[in-house]
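Spelled out from the first residue to the last, the chains are:
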Amino acid sequence: QVHVVESGGGLVQAGGSLRLSCTASGRTISSYAMGWFRQAPGKEREFVAFISWNARSTGYTDSVKGRFTISRDNAKNTVYLQMNSLKPEDTAVYYCATALRYISGSSYSHEYDYWGQGTQVTVSS
């Protein structure tokens, strides 16, 4: 059984920073691409960022480019999302997910199989 857990969310003022972490038990994520998604109240879940298994490839949704950075430490079985210059519109529950085998990176949620419970990020204006 694979168990994905996110942490690091919280309340921050606009312009501030947070770093989210994601770990997975039951799977050595070093062989898998990983992704971050988010869901704001009343909206559908949307792609935020992905990182390939070897960190050579990353991708971001346009609204976070230049502000968010995805990274990974395979020795710690952990993926991170550094979020800087946060805006109120970044407020959402942030989810981490492991990609399907042989997926090098994707913005499509159906190409991810195991998801965490999410961590709340609230940005006040």
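Please refer to the structure higher up on the page.
These figures come from a predicted structure and were not determined experimentally. (Residues numbered from 1 in each chain as written. Predicted model: local features only at pLDDT ≥ 70, side-chain atom pairs only at ≥ 80, totals over all residues. Heavy atoms only, no water.)

Got a minute to help me understand the side chain of aspartate 90 in this structure?
Assignment of secondary structure puts aspartate 90 in the loop between strand S8 (78-83) and strand S9 (92-99). Aspartate 90 sits in the buried class, given a relative accessible area of 1%. Polar side-chain contacts of aspartate 90 include one of 2.7 Å to the side chain of arginine 67. Reaching out from aspartate 90, the side chain makes a polar contact with the backbone nitrogen of lysine 87 at a distance of 2.8 Å. Setting aside its immediate chain neighbours within four residues, aspartate 90 contacts Arg38, Arg67, Phe68, Ser85, Val121 and Val123. (Helix = DSSP H or I, 4+ residues; strand = E, 2+ residues; numbered from the N terminus. Buried < 20%, exposed > 50% of the residue type's maximum accessible area, 1.4 Å probe, protein only. Polar contact = N/O pair within 3.5 Å; in protein donor to acceptor, adjacent residues only side chain to side chain. Contact = heavy atoms within 4.5 Å.)

Looking at this model, I keep getting lost on the layout of surface pockets. Mind explaining?
Take a probe with the size of a water molecule and roll it over the atoms, and the empty space left behind shows itself. Approximately 180 Å³ is the volume found for the largest pocket. Lining the largest pocket are 13 residues, and of these Arg38, Ala40, Lys43, Glu46 and Glu89 sit closest to its centre. Looking at the lining of the largest pocket residue by residue, the classes come out as two nonpolar, three polar and eight charged. (1 Å grid on protein atoms, 1.4 Å probe; cavity = no way out; pocket = protein on both sides within 12 Å on 5 of 7 lines; lining within 4 Å. Points joined across faces, edges and corners; volume = space filled by probe spheres on them. Nonpolar A, V, L, I, M, F, W, Y, C, P; charged D, E, K, R; others polar.)

What is the right way to look at the state of the cysteines in this model?
Note on terminology: a disulfide is the covalent bond linking the sulfur atoms of two cysteines. Summed over the entire model, instances satisfying the criterion amount to one disulfide. Residue cysteine 22 pairs covalently with cysteine 96 via a disulfide, S to S 2.0 Å. Torsion about the S-S bond of the cysteine 22 and cysteine 96 cystine: about -75 degrees, corresponding to left-handed handedness. One end of the pair, cysteine 22, is in strand S3 (residues 18-25); the other, cysteine 96, is in strand S9, with 74 residues separating them in the sequence. A single burial state applies to cysteine 22 and to cysteine 96, both of which are buried. (Disulfide = S-S within 2.5 Å.)

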